[in-house]
Amino acid sequence: MAKQTTEAVSTVYIPKIKAGKRSQLDIFRKYWMFYLMMLPAIVLLVFNNYIPMFGIIIAFKNINYADGILGSAWSGLTNFEYLFKTSDAWIITRNTLLYNSGFIILNLVFPLAFAIMLNEIRSRFMAKLHQTVMFLPYFLSMVVISYLVFGFFSDEHGYLNTSLLPALGLEKVQWYFTQEVWPYILPLVNTWKNMGYFTVIYMAAIIGIDDEYYEAATIDGASKWKQMTSITIPLIMPIITIMTLLQIGKIFNADFGLFFQVPRESGVLFPVTNVIDTYVYRTFLTVGDIGLSSAAGLLQSVVGFTLVFLSNWVVRRINKDNALF
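Residues numbered from 1 in each chain as written. Predicted model: local features only at pLDDT ≥ 70, side-chain atom pairs only at ≥ 80, totals over all residues. Heavy atoms only, no water.

Could you give an account of helix H10 (residues 182–207), naming the residues involved and the relevant values?
Taking 1.5 Å of rise per residue, the 26 residues of H10 would be expected to cover 38 Å, and the 37 Å separating its terminal C-alpha atoms lies within 8% of that figure. The largest bend in H10 comes to about 45 degrees, at Asn194. (Helix = DSSP H or I, 4+ residues; strand = E, 2+ residues; numbered from the N terminus. Expected span 1.5 Å × (residues − 1). Bend = angle between axes of the 7 residues up to and from the residue.)

Residue-level account of the layout of surface pockets, with values.
The space that makes up the largest pocket amounts to roughly 650 Å³. Surrounding the largest pocket, 24 residues form its lining, Asn107, Phe198, Leu246, Gln247 and Lys250 being those nearest its centre. Broken down by secondary-structure element, the contributors of at least two residues to the lining of the largest pocket are helix H6 (89–119), H10, helix H13 (237–248) and helix H17 (290–318). Per-element tally for the lining of the largest pocket: the top contributor is H10, with five residues. For the lining of the largest pocket, the class distribution of residues is 12 nonpolar, nine polar and three charged. (1 Å grid on protein atoms, 1.4 Å probe; cavity = no way out; pocket = protein on both sides within 12 Å on 5 of 7 lines; lining within 4 Å. Points joined across faces, edges and corners; volume = space filled by probe spheres on them. Nonpolar A, V, L, I, M, F, W, Y, C, P; charged D, E, K, R; others polar.)

Can you break down helix H5 (residues 78–85) residue by residue, with the values?
Since one α-helical turn is 3.6 residues long, residues separated by three or four positions face the same way. The set of residues buried in H5 consists of Asn79, Phe80, Tyr82 and Leu83. Projection of H5 onto a plane perpendicular to its axis shows the buried side chains occupying an angular sector of 145 degrees, all on one side. Across H5 from its buried face, at more than 90 degrees, point the exposed residues Phe84 and Lys85. Check the buried side of H5 and you find it contacts strand S1 (61–64), H6, helix H16 (276–287) and H17. (Buried < 20%, exposed > 50% of the residue type's maximum accessible area, 1.4 Å probe, protein only. Arc of directions from axis to C-beta. Contact = heavy atoms within 4.5 Å.)

Give a description of unusual backbone geometry that names residues and reports values.
Phi is positive for Arg264, which is not a glycine, with a value near 60 degrees. Its place among the elements puts Arg264 in the loop between helix H14 (256–261) and helix H15 (270–273). Look at Arg264 and you get partly exposed, because its relative accessible area is 34%. If you check the backbone angles, Glu265 has positive phi at about 55 degrees while not being a glycine. Relative to the helices and strands, Glu265 is located in the loop between H14 and H15.

How would you sum up the packing of H6 against H10? Please name residues and give values.
Where H6 meets H10, the closest approach of the two axes is 6 Å, and the angle between their N-to-C directions is 45 degrees. Taken together, the axes of H6 and H10 lie oblique to each other. Judged by the twist between their axes, the crossing of H6 over H10 is right-handed. Here the contact of H6 with H10 is composed, by residue class, of 21 nonpolar, six polar and no charged. (Axes fitted to C-alpha atoms, helices over the stretch in contact; angles between N-to-C directions. Parallel < 35°, antiparallel > 145°, perpendicular 65-115°, else oblique. Left-handed = near helix turned anticlockwise from the far one by under 90°.)

Go over the packing of aromatic side chains with me, naming the residues and quoting the values.
Per the stated rule, a full pass over the model turns up 20 aromatic pairs. On the numbers, 6.3 Å between centres and 35 degrees between planes, the contact of Phe103 with Phe259 is tilted. Of this pair, Phe103 sits in helix H6 while Phe259 sits in helix H14; the two residues are 156 residues apart in sequence, bridging distant segments of the chain. Phe259 carries the same exposure label as Phe103, and that label is buried. With centroids separated by 5.1 Å and ring planes inclined at 70 degrees, the aromatic side chains of Phe256 and Tyr281 adopt a geometry described as edge-to-face. Taken together, the positions of Phe256 in helix H14 and Tyr281 in helix H16 put the pair 25 residues apart, joining distant regions of the chain. The partly exposed category is assigned to Tyr281, whose relative accessible area is 32%. In textbook terms, an aromatic cluster arises when at least three aromatic residues are bridged by ring pairs, as seen for Phe135, Tyr138, Phe139, Tyr197 and Phe198. (Phe/Tyr/Trp six-rings, centres within 6.5 Å; stacked < 30°, edge-to-face > 60°.)

Can you break down the pairing of S1 residue by residue, with the values?
Only one face of S1 is buried: it carries Lys61 and Ile63, and the other face, with Asn62 and Asn64, is open. Where S1 meets strand S2 (residues 72–74), two bridges bridge the pair, whose relative direction is antiparallel. Note that in S2 the partner of Asn62 across the bridge is Ala73. (Pairing = 2+ DSSP bridges.)

Give me the packing of helix H8 (residues 142–153) against H10: which residues, what numbers.
Contact geometry of H8 with H10 gives a least axis separation of 12 Å together with a crossing angle of 130 degrees. Comparing their axes, H10 and H8 come out oblique. Considering how the two elements wind past one another, H8 and H10 form a crossing that is right-handed. Here Met142, Ile145, Leu148, Val149 and Phe153 of H8 come into contact with H10, specifically with Ile185, Val189, Trp192 and Lys193. Partitioned by chemical class, the residues of the contact of H8 with H10 number eight nonpolar, no polar and one charged.

Explain the side chain of Thr232 to me, and be specific about the residues and the numbers.
Turning to its location among the elements, Thr232 is positioned in helix H12 (residues 224–235). Taking the relative accessible area as the measure of exposure, Thr232 reaches 4% and is therefore buried. One polar contact links Thr232 to Tyr214, side chain to side chain, over a distance of 2.7 Å. When sequence neighbours within four positions are dropped, the list of residues in contact with Thr232 reads Ile116, Ile206, Ile209, Tyr214 and Gln227. (Polar contact = N/O pair within 3.5 Å; in protein donor to acceptor, adjacent residues only side chain to side chain.)

Can you tell me about the environment of Asp289, naming the residues and giving the values?
With respect to the helices, strands and loops of the structure, Asp289 is situated in the loop between H16 and H17. When the C-alpha atoms of Asp289 and Asn79 are compared, they prove to be 9.4 Å apart, with 210 residues separating the residues in sequence. Discounting chain neighbours no more than four positions away, the residues touching Asp289 are Asn79 and Phe284.

Below, the structure written as C-alpha coordinates:
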(Lines give C-alpha, C1' and ligand atoms only; values in the text may rest on other atoms or scores of the structure.)
Protein backbone atom coordinates (compact mmCIF):
# COMPACT_ATOMS: atom_id res chain seq x y z
CA MET A 1 0.00 0.00 0.00
CA ALA A 2 2.81 2.40 0.92
CA LYS A 3 4.63 1.56 -2.32
CA GLN A 4 1.52 2.31 -4.38
CA THR A 5 1.02 5.62 -2.55
CA THR A 6 4.64 6.64 -3.20
CA GLU A 7 4.35 5.81 -6.87
CA ALA A 8 1.11 7.77 -7.13
CA VAL A 9 2.63 10.81 -5.49
CA SER A 10 5.70 10.63 -7.73
CA THR A 11 3.61 10.41 -10.87
CA VAL A 12 1.67 13.51 -9.84
CA TYR A 13 4.43 15.59 -8.22
CA ILE A 14 7.39 15.11 -10.58
CA PRO A 15 5.63 16.33 -13.74
CA LYS A 16 4.69 19.53 -11.88
CA ILE A 17 8.34 20.23 -11.17
CA LYS A 18 9.33 19.63 -14.77
CA ALA A 19 6.46 21.76 -16.03
CA GLY A 20 7.61 24.59 -13.80
CA LYS A 21 11.12 24.55 -15.26
CA ARG A 22 10.76 26.89 -18.17
CA SER A 23 13.51 28.32 -20.26
CA GLN A 24 14.41 31.97 -19.90
CA LEU A 25 13.10 32.56 -23.42
CA ASP A 26 9.66 31.19 -22.51
CA ILE A 27 9.55 33.38 -19.42
CA PHE A 28 10.52 36.43 -21.49
CA ARG A 29 7.84 35.67 -24.09
CA LYS A 30 5.19 35.44 -21.40
CA TYR A 31 6.21 38.50 -19.39
CA TRP A 32 7.70 40.65 -22.14
CA MET A 33 5.35 43.52 -21.31
CA PHE A 34 6.76 43.74 -17.76
CA TYR A 35 10.32 43.73 -19.06
CA LEU A 36 9.37 46.54 -21.45
CA MET A 37 7.97 48.53 -18.52
CA MET A 38 11.26 47.99 -16.64
CA LEU A 39 13.40 49.15 -19.57
CA PRO A 40 13.34 52.94 -18.87
CA ALA A 41 14.31 52.40 -15.22
CA ILE A 42 17.08 49.98 -16.23
CA VAL A 43 18.49 52.42 -18.79
CA LEU A 44 18.41 55.23 -16.23
CA LEU A 45 20.13 53.00 -13.66
CA VAL A 46 22.87 52.01 -16.10
CA PHE A 47 23.61 55.57 -17.25
CA ASN A 48 23.28 57.17 -13.82
CA ASN A 49 24.84 54.52 -11.56
CA TYR A 50 27.02 52.11 -13.50
CA ILE A 51 28.66 54.00 -16.35
CA PRO A 52 30.01 56.68 -13.98
CA MET A 53 31.82 53.89 -12.10
CA PHE A 54 34.47 54.25 -14.77
CA GLY A 55 35.64 57.22 -12.70
CA ILE A 56 36.89 54.83 -10.00
CA ILE A 57 40.28 54.76 -11.73
CA ILE A 58 40.75 58.42 -10.77
CA ALA A 59 41.31 57.26 -7.18
CA PHE A 60 44.39 55.32 -8.36
CA LYS A 61 45.90 58.02 -10.57
CA ASN A 62 47.85 61.21 -10.19
CA ILE A 63 45.56 63.30 -12.34
CA ASN A 64 47.19 65.62 -14.85
CA TYR A 65 44.59 67.69 -16.68
CA ALA A 66 46.82 68.04 -19.72
CA ASP A 67 47.10 64.25 -20.17
CA GLY A 68 43.51 63.46 -19.20
CA ILE A 69 42.26 60.64 -17.01
CA LEU A 70 43.54 57.75 -19.11
CA GLY A 71 46.86 59.40 -19.86
CA SER A 72 47.70 60.37 -16.27
CA ALA A 73 50.26 58.35 -14.34
CA TRP A 74 49.15 55.66 -11.91
CA SER A 75 49.68 56.50 -8.25
CA GLY A 76 48.72 53.20 -6.64
CA LEU A 77 47.34 53.63 -3.11
CA THR A 78 48.96 57.02 -2.52
CA ASN A 79 45.62 58.82 -2.53
CA PHE A 80 44.25 56.44 0.10
CA GLU A 81 47.31 56.87 2.31
CA TYR A 82 46.54 60.56 2.49
CA LEU A 83 43.33 59.86 4.39
CA PHE A 84 45.07 57.78 7.04
CA LYS A 85 48.40 59.58 7.38
CA THR A 86 47.00 63.04 7.90
CA SER A 87 47.03 64.41 11.43
CA ASP A 88 43.24 64.78 11.37
CA ALA A 89 42.56 61.17 10.26
CA TRP A 90 41.50 60.02 13.73
CA ILE A 91 39.27 63.05 14.32
CA ILE A 92 37.35 62.87 11.04
CA THR A 93 36.94 59.08 11.25
CA ARG A 94 35.77 59.24 14.87
CA ASN A 95 33.30 62.03 14.18
CA THR A 96 31.90 60.32 11.09
CA LEU A 97 31.32 56.97 12.79
CA LEU A 98 30.03 58.32 16.11
CA TYR A 99 27.64 60.83 14.59
CA ASN A 100 26.21 58.34 12.11
CA SER A 101 25.85 55.68 14.81
CA GLY A 102 23.88 58.18 16.88
CA PHE A 103 21.78 59.14 13.85
CA ILE A 104 20.86 55.49 13.26
CA ILE A 105 19.62 55.09 16.82
CA LEU A 106 17.73 58.41 16.90
CA ASN A 107 16.18 57.81 13.47
CA LEU A 108 14.84 54.52 14.77
CA VAL A 109 13.61 55.39 18.26
CA PHE A 110 11.88 58.74 17.75
CA PRO A 111 10.18 58.10 14.36
CA LEU A 112 8.96 54.70 15.58
CA ALA A 113 7.56 56.23 18.77
CA PHE A 114 5.82 59.02 16.84
CA ALA A 115 4.44 56.58 14.27
CA ILE A 116 2.86 54.50 17.03
CA MET A 117 1.43 57.59 18.70
CA LEU A 118 0.07 59.02 15.44
CA ASN A 119 -1.59 55.70 14.73
CA GLU A 120 -3.56 56.11 17.96
CA ILE A 121 -5.06 59.44 16.86
CA ARG A 122 -8.66 58.76 15.94
CA SER A 123 -9.25 62.04 14.11
CA ARG A 124 -8.18 61.53 10.52
CA PHE A 125 -7.73 65.27 10.01
CA MET A 126 -5.46 65.66 13.03
CA ALA A 127 -3.41 62.61 12.03
CA LYS A 128 -2.85 63.98 8.52
CA LEU A 129 -2.06 67.43 9.91
CA HIS A 130 0.61 66.05 12.24
CA GLN A 131 2.13 63.96 9.44
CA THR A 132 2.32 66.97 7.13
CA VAL A 133 3.90 69.21 9.77
CA MET A 134 6.47 66.55 10.65
CA PHE A 135 7.26 65.75 7.00
CA LEU A 136 7.79 69.39 5.94
CA PRO A 137 11.39 69.77 7.27
CA TYR A 138 12.51 66.80 5.15
CA PHE A 139 11.99 68.90 1.99
CA LEU A 140 13.99 71.85 3.26
CA SER A 141 17.56 72.18 2.02
CA MET A 142 20.40 72.33 4.51
CA VAL A 143 21.05 75.92 3.46
CA VAL A 144 17.58 76.91 4.68
CA ILE A 145 17.97 74.82 7.82
CA SER A 146 21.34 76.42 8.55
CA TYR A 147 19.67 79.83 8.62
CA LEU A 148 16.89 78.52 10.86
CA VAL A 149 19.52 77.18 13.26
CA PHE A 150 21.38 80.48 13.00
CA GLY A 151 18.18 82.26 13.97
CA PHE A 152 18.23 80.31 17.23
CA PHE A 153 21.95 80.37 18.03
CA SER A 154 23.20 83.67 16.62
CA ASP A 155 25.35 85.50 19.16
CA GLU A 156 23.70 88.89 18.66
CA HIS A 157 20.24 88.26 17.22
CA GLY A 158 19.52 84.60 18.03
CA TYR A 159 16.33 83.72 19.89
CA LEU A 160 18.20 81.96 22.70
CA ASN A 161 20.55 84.84 23.46
CA THR A 162 18.01 87.63 23.04
CA SER A 163 14.89 86.08 24.59
CA LEU A 164 15.13 82.71 26.29
CA LEU A 165 18.39 82.90 28.23
CA PRO A 166 17.77 86.45 29.59
CA ALA A 167 14.28 85.38 30.69
CA LEU A 168 15.84 82.53 32.65
CA GLY A 169 18.47 84.82 34.14
CA LEU A 170 21.32 83.10 32.28
CA GLU A 171 24.30 84.62 30.52
CA LYS A 172 24.51 84.73 26.74
CA VAL A 173 26.44 81.92 25.06
CA GLN A 174 28.63 82.16 21.96
CA TRP A 175 27.21 79.01 20.43
CA TYR A 176 29.39 79.04 17.31
CA PHE A 177 32.50 79.15 19.46
CA THR A 178 31.46 76.50 22.01
CA GLN A 179 32.51 72.99 21.01
CA GLU A 180 30.72 71.19 23.86
CA VAL A 181 27.18 71.87 22.62
CA TRP A 182 27.51 70.83 18.97
CA PRO A 183 27.62 67.06 19.52
CA TYR A 184 24.06 67.59 20.78
CA ILE A 185 22.90 70.26 18.33
CA LEU A 186 23.81 68.33 15.16
CA PRO A 187 21.95 65.11 16.13
CA LEU A 188 18.98 67.24 17.17
CA VAL A 189 18.89 69.03 13.81
CA ASN A 190 19.32 65.77 11.88
CA THR A 191 16.52 64.06 13.82
CA TRP A 192 14.18 67.02 13.37
CA LYS A 193 14.79 67.08 9.62
CA ASN A 194 14.46 63.34 8.93
CA MET A 195 11.94 62.25 11.55
CA GLY A 196 8.93 62.90 9.30
CA TYR A 197 10.35 60.71 6.52
CA PHE A 198 10.99 57.71 8.77
CA THR A 199 7.73 58.25 10.66
CA VAL A 200 5.69 58.00 7.45
CA ILE A 201 7.44 54.75 6.51
CA TYR A 202 6.88 53.16 9.92
CA MET A 203 3.31 54.42 10.07
CA ALA A 204 2.55 52.90 6.65
CA ALA A 205 3.81 49.57 7.99
CA ILE A 206 1.70 49.89 11.15
CA ILE A 207 -1.45 50.71 9.16
CA GLY A 208 -0.97 47.46 7.26
CA ILE A 209 -1.38 45.39 10.44
CA ASP A 210 -4.76 43.64 10.66
CA ASP A 211 -7.04 45.22 13.30
CA GLU A 212 -8.12 41.76 14.42
CA TYR A 213 -4.83 41.36 16.29
CA TYR A 214 -5.56 44.41 18.40
CA GLU A 215 -9.19 43.44 18.92
CA ALA A 216 -8.18 40.01 20.19
CA ALA A 217 -5.53 41.57 22.44
CA THR A 218 -8.07 44.05 23.83
CA ILE A 219 -10.49 41.23 24.62
CA ASP A 220 -7.68 39.41 26.44
CA GLY A 221 -7.08 42.55 28.52
CA ALA A 222 -3.76 43.58 26.97
CA SER A 223 -2.71 47.17 27.65
CA LYS A 224 -1.54 49.58 24.95
CA TRP A 225 2.06 48.98 25.99
CA LYS A 226 1.57 45.22 25.72
CA GLN A 227 -0.03 45.58 22.31
CA MET A 228 2.88 47.70 21.15
CA THR A 229 5.57 45.29 22.36
CA SER A 230 3.76 42.07 21.41
CA ILE A 231 1.98 43.03 18.17
CA THR A 232 3.08 46.30 16.59
CA ILE A 233 6.87 46.12 16.87
CA PRO A 234 7.22 42.37 16.08
CA LEU A 235 5.02 42.67 12.97
CA ILE A 236 6.90 45.66 11.54
CA MET A 237 10.32 44.31 12.49
CA PRO A 238 11.19 43.51 8.82
CA ILE A 239 10.69 47.18 7.90
CA ILE A 240 12.70 48.32 10.92
CA THR A 241 15.52 45.96 9.95
CA ILE A 242 15.58 47.09 6.32
CA MET A 243 15.65 50.78 7.22
CA THR A 244 18.42 50.16 9.75
CA LEU A 245 20.50 48.17 7.27
CA LEU A 246 20.20 50.92 4.67
CA GLN A 247 21.45 53.46 7.20
CA ILE A 248 24.32 51.20 8.25
CA GLY A 249 25.45 51.20 4.63
CA LYS A 250 25.92 54.98 4.88
CA ILE A 251 27.68 54.97 8.25
CA PHE A 252 30.94 56.06 6.61
CA ASN A 253 29.20 58.78 4.60
CA ALA A 254 28.34 61.95 6.47
CA ASP A 255 25.60 64.39 5.53
CA PHE A 256 27.77 67.05 3.91
CA GLY A 257 25.15 69.80 4.17
CA LEU A 258 24.57 69.16 7.86
CA PHE A 259 28.23 69.32 8.85
CA PHE A 260 29.26 72.04 6.42
CA GLN A 261 26.31 74.46 6.35
CA VAL A 262 24.87 74.29 9.86
CA PRO A 263 28.12 75.06 11.82
CA ARG A 264 28.72 77.90 9.32
CA GLU A 265 32.39 77.04 8.74
CA SER A 266 33.42 77.97 12.26
CA GLY A 267 37.05 76.84 12.58
CA VAL A 268 36.73 76.59 16.36
CA LEU A 269 34.16 73.82 15.87
CA PHE A 270 36.23 71.70 13.45
CA PRO A 271 37.31 69.17 16.14
CA VAL A 272 33.64 68.22 16.71
CA THR A 273 32.08 68.99 13.31
CA ASN A 274 34.75 67.96 10.80
CA VAL A 275 33.93 64.65 9.08
CA ILE A 276 35.38 62.80 6.12
CA ASP A 277 33.18 64.57 3.55
CA THR A 278 33.88 68.10 4.77
CA TYR A 279 37.59 67.39 5.23
CA VAL A 280 37.95 66.09 1.69
CA TYR A 281 36.01 69.07 0.33
CA ARG A 282 38.20 71.59 2.15
CA THR A 283 41.32 69.72 1.05
CA PHE A 284 40.15 69.77 -2.56
CA LEU A 285 39.61 73.53 -2.36
CA THR A 286 43.16 73.92 -1.03
CA VAL A 287 45.06 71.34 -3.11
CA GLY A 288 42.75 70.87 -6.09
CA ASP A 289 43.52 67.15 -6.42
CA ILE A 290 40.43 65.22 -7.53
CA GLY A 291 42.28 61.94 -6.95
CA LEU A 292 42.11 62.49 -3.19
CA SER A 293 38.38 63.15 -3.34
CA SER A 294 37.78 60.09 -5.51
CA ALA A 295 39.78 57.90 -3.14
CA ALA A 296 37.69 59.07 -0.19
CA GLY A 297 34.45 58.45 -2.07
CA LEU A 298 35.55 54.97 -3.17
CA LEU A 299 36.63 54.08 0.37
CA GLN A 300 33.28 55.20 1.77
CA SER A 301 31.38 53.18 -0.83
CA VAL A 302 33.40 50.00 -0.27
CA VAL A 303 33.09 50.23 3.52
CA GLY A 304 29.34 50.87 3.26
CA PHE A 305 28.89 47.98 0.81
CA THR A 306 30.79 45.64 3.13
CA LEU A 307 28.88 46.73 6.22
CA VAL A 308 25.53 46.16 4.53
CA PHE A 309 26.51 42.61 3.59
CA LEU A 310 27.90 41.84 7.04
CA SER A 311 24.86 43.29 8.80
CA ASN A 312 22.51 41.44 6.50
CA TRP A 313 24.43 38.21 7.16
CA VAL A 314 24.00 38.70 10.91
CA VAL A 315 20.29 39.35 10.46
CA ARG A 316 19.90 36.22 8.34
CA ARG A 317 21.61 34.18 11.05
CA ILE A 318 19.04 35.46 13.56
CA ASN A 319 15.92 35.53 11.40
CA LYS A 320 16.15 35.16 7.61
CA ASP A 321 12.66 36.63 7.14
CA ASN A 322 13.90 40.01 8.35
CA ALA A 323 16.96 40.11 6.08
CA LEU A 324 17.25 42.62 3.28
CA PHE A 325 18.30 39.93 0.77
